[in-house]
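# Report on the structure
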Amino acid sequence: MSPPPRRLPLRGADLVLVAMQSLWRREKISNNTLMIVECDGPLDPARVRRALDRFLDICPWPLARLRRPFPWGKLHWAAAGRAAPGSLPLLHQRVDSLKLLHVMLEAELNTVIDPRREPPLRVSVLYSPAGRDRAHSFLVFTWFHPLMDPRGAQNLLAHLANIDEANGRPPWDGAPPAFVAEPDPRPFSVRGRMGRRSRAYMRSLAPAPPVSPGSGLTTPGRPRFRQARFVDRDPAGARAKREICWRLALVGKAMSELWSHRGLPDDPFLLPISIDLRPKGDPGPTFGNMLAFHFARFRPSETADLAALTQALRRQMVDALRDGQIDANAVAMEFLTYRRLSVMLNDLPGTAARETFSFNCADLGDFPVTLEKVFGARVVNAYHAPSVLPRPGIGVFFNRCGKDNNLVVSWIDGAVAEDEVTRIVEVIRDEMDWIEAR
């Protein structure tokens, strides 16, 4: 058997995430993402600790360090030596209120992970004292975003739960799954042509840098987030509103109100829509952001007719798929590994002025039903909260856990105000026909 790999090259989407953070190197902004899993009973930190240690015996990447031998060398995760028990810190702390919980979660989002000097993953077990109801616990993963995407975090939790359930027996019947993706098998010449086509496309995306709520922001505040939990008022009629094009149009409507309030121009929005490259129905790799991107464009004024805008956005995506543009974009991102960080994003409009996109938006899908119970406790809700860049300064993220719809708005203090976030949540709630979950 060949020895396990000691280097894991960053994927294309990982490189983009590192490069975007480097635009704000002096400000030391966060590139963290959270996954918060709420359980209806106590979680035993000793069980979580054992599962982590056993996983690290098999897979080194949660303890790896980010390395680049030269400015033009490949960015990669470098595995350390054999992990000793307790190598990955596990915080176990009591929280006495939901308000305090949120303060702690925002602190996690703000506590910057330096992947060159510390593990790119932190794990916390936060618990509330028992009262009239059973005590609740919160299992929190905090990671440096280029390590994995939200679905990868769910896969990681599934692996840890599998190890815990095995109770000392070899998990996965002794045959661990592939934790990382295989390299692209296409010849360099083929990938090179695709990359050049994507580069020409990227340069044509926008004639001028996009405008965002963070435009003009020179001293960014801290990352913030708000999570709200809803159920469908009419479950039968809610299916069409789960489509990403509908939700994108709706978030655009909420943003157009913010644009109007601020007197921003009716210039086209520009934003990336992530496409998961894992096969449908397959958990796929855990580490590495397994994403390609489609770039949506529409004007704030077009959001007045949501049905028409949804159709237009759907046509954009169909055209991009038909023309192979999304695949070409994924291939082109891989070639960024040969560039210095300072020039990785030169083909995106506006990056010289640290502009990226108008806002962020993603639907992170359903939390796996196979994870209805972890470490002996039942999961009652789970959601993700990623940090956003000072520009655009705001992002809106959806996911679903059981019958509950989670809406997370992430923003940067100074780019967006709390009352503006409240209004965005109201617009989305009303158009989605959601009611507060109990």
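The rules behind the values
Residues numbered from 1 in each chain as written. Predicted model: local features only at pLDDT ≥ 70, side-chain atom pairs only at ≥ 80, totals over all residues. Heavy atoms only, no water. Pairing = 2+ DSSP bridges. Helix = DSSP H or I, 4+ residues; strand = E, 2+ residues; numbered from the N terminus. Axes fitted to C-alpha atoms, helices over the stretch in contact; angles between N-to-C directions. Disulfide = S-S within 2.5 Å. Contact = heavy atoms within 4.5 Å. Polar contact = N/O pair within 3.5 Å; in protein donor to acceptor, adjacent residues only side chain to side chain. Right-handed = clockwise from strand over helix to strand, strands pointing away. Phe/Tyr/Trp six-rings, centres within 6.5 Å; stacked < 30°, edge-to-face > 60°. Buried < 20%, exposed > 50% of the residue type's maximum accessible area, 1.4 Å probe, protein only. Salt bridge = Lys/Arg side-chain N within 4 Å of Asp/Glu carboxyl O. Parallel < 35°, antiparallel > 145°, perpendicular 65-115°, else oblique. Expected span 1.5 Å × (residues − 1). Core = buried A, V, L, I, M, F, W, Y, C linked by side-chain atoms within 4.5 Å.

### A closer look at the sheet that holds strand β4 (residues 76-78)
Note: strands within a sheet are paired through backbone hydrogen bonds, in either parallel or antiparallel orientation. The strand order across the open sheet formed by 3 strands is β1-β4-β3, and the pairing between neighbours is antiparallel. Taken across any chain shown, the strands that pair with only one partner, and hence form the sheet edges, are β1 (7-9) and β3 (65-67). Going across the sheet, the axis of each strand differs from the next one's by a mean of 35°, ignoring polarity. In this sheet, β4 lies alongside β1 in antiparallel orientation, the contact comprising 3 bridges. Directly across from P9, in β4, lies its bridge partner H76.

### What about the pairing of strand β8 (residues 223-232)?
Inspection of the sheet shows β8 paired to strand β15 (residues 404-412) by 8 bridges, in the antiparallel sense. Residue pairing for β15: P223 is matched across the bridge by I412. Relative to strand β16 (residues 434-436), β8 is paired through 3 bridges, and the arrangement is antiparallel. Residue pairing for β16: D232 is matched across the bridge by W434.

### Here's the deal with the state of the cysteines
Using the criterion set out here, one finds 0 disulfides in the structure. The cysteine C361 is free of any disulfide, with C245 supplying the nearest cysteine sulfur at 10 Å.

### Side note on the sheet that holds strand β12 (residues 373-374)
The strand order β5-β6-β7-β2-β13-β12 describes an open sheet built from 6 strands, whose pairing is mixed. The open sheet is flanked by β5 (90-94) and β12, the only strands paired with a single partner. Pairing geometry for β12 and strand β13 (residues 377-386), over 2 bridges, is antiparallel. By the bridge assignment, V374 is partnered in β13 with A377. Strands in contact with helix α2 (residues 45-58) are β5, β6 (121-127) and β7 (137-144); relative to β5, the strand with the most contacts, it is inclined by about 165°.

### Considerations on the side chain of R49
By secondary structure assignment, the location of R49 is in helix α2. Here L88 takes part through its backbone oxygen, which lies 2.6 Å from a polar atom of the side chain of R49. With residues up to four places along the chain from it excluded, the contact list for R49 reads G86, S87, L88, P89 and L90.

### A few points about the pairing of β5
Two elements, β5 and β6, share 5 bridges in a ladder whose sense is parallel. Looking across to β6, one finds that R94 is bridged to Y127. Taking the sense of rotation as the criterion, the β-α-β connection linking β5, helix α3 (residues 98-110) and β6 turns out right-handed.

### Considerations on the packing of aromatic side chains
The tally for this structure, following the rule as stated, stands at 12 aromatic pairs. Between the aromatic rings of W172 and F179, the centroid separation amounts to 6.0 Å while the plane-to-plane angle is 75°, which identifies the pairing as edge-to-face. Since its relative accessible area comes to 16%, W172 is described here as buried. Judged by centre distance (5.2 Å) and plane angle (20°), the ring pair of F230 and W434 falls under stacked. Of this pair, F230 sits in strand β8 while W434 is found in strand β16, placing the two residues 204 residues apart along the sequence. W434 carries the same exposure label as F230, and that label is buried.

### What about the pattern of salt bridges?
Within the structure shown, the criterion is met by 35 salt bridges. Across the salt bridge formed by D366 and R242, the nearest N and O atoms sit 2.5 Å from each other. Of this pair, D366 sits in strand β11 (residues 360-366) while R242 is found in the loop between β8 and α6 (244-262), placing the two residues 124 residues apart along the sequence. Residue classification places R242 among the partly exposed residues on the basis of a relative accessible area of 31%. A salt bridge links E426 to R423, with the nearest nitrogen and oxygen atoms 3.4 Å apart. Linking E426 with R423, this pair stays in helix α9 (residues 418-432), spanning 3 residues, or about one helical turn. Through salt bridges with shared partners, a single ionic network connects E106, R222, R224, R226, D413 and E418.

### Digging into the environment of R199
Note that R199 resides in helix α5 (residues 188-203). On the accessibility criterion, R199 (39% relative accessible area) is partly exposed. Not counting residues within four places of it along the chain, the set of residues in contact with R199 comprises R339 and D347.

### As for the packing of α2 against helix α4 (residues 150-166)
The description of two packed helices rests on the angle between their axes and on the distance between the axes. Where α2 meets α4, the axes come as close as 9 Å, and the angle between the chain directions of the two elements is 105°. Our classification of the angle between α2 and α4 gives roughly perpendicular. Facing R47, A51, L52, R54 and F55 of α2, the residues of α4 in contact are L156, H159, L160, I163 and D164.

### Some points on the environment of S342
Tracing the chain through its elements places S342 in the loop between α8 (325-334) and β11. Owing to a relative accessible area of 62%, S342 belongs among the exposed residues under this scheme. Along the chain, S342 and D327 lie 15 residues apart, while their C-alpha atoms are 25 Å from each other.

### Points about α3
Since one α-helical turn is 3.6 residues long, residues separated by three or four positions face the same way. Given a rise of 1.5 Å per residue, 13 residues ought to cover 18 Å, and the 18 Å separating the end C-alpha atoms of α3 matches this to within 8%. Here α3 has its buried residues at L101, M104, L105, E106, E108 and L109. Where α3 is buried, its residues contact β2 (32-39), β5, β6, β7, β8 and β13.

### Concerning the nonpolar core
L139, F141, L157 and F287 are the most contacted members of the largest nonpolar core, which has 72 residues in total. Residues within four places of L139 in sequence aside, it is in contact with M35, I36, V37, L43, V48, V123, S124, V125, L157 and F375. In terms of nonpolar packing, the next biggest core, distinct from the first, is built from 57 residues, L250, A362, V408 and I424 among them.

Take it as geometry only, folks, not as evidence of what the structure does.
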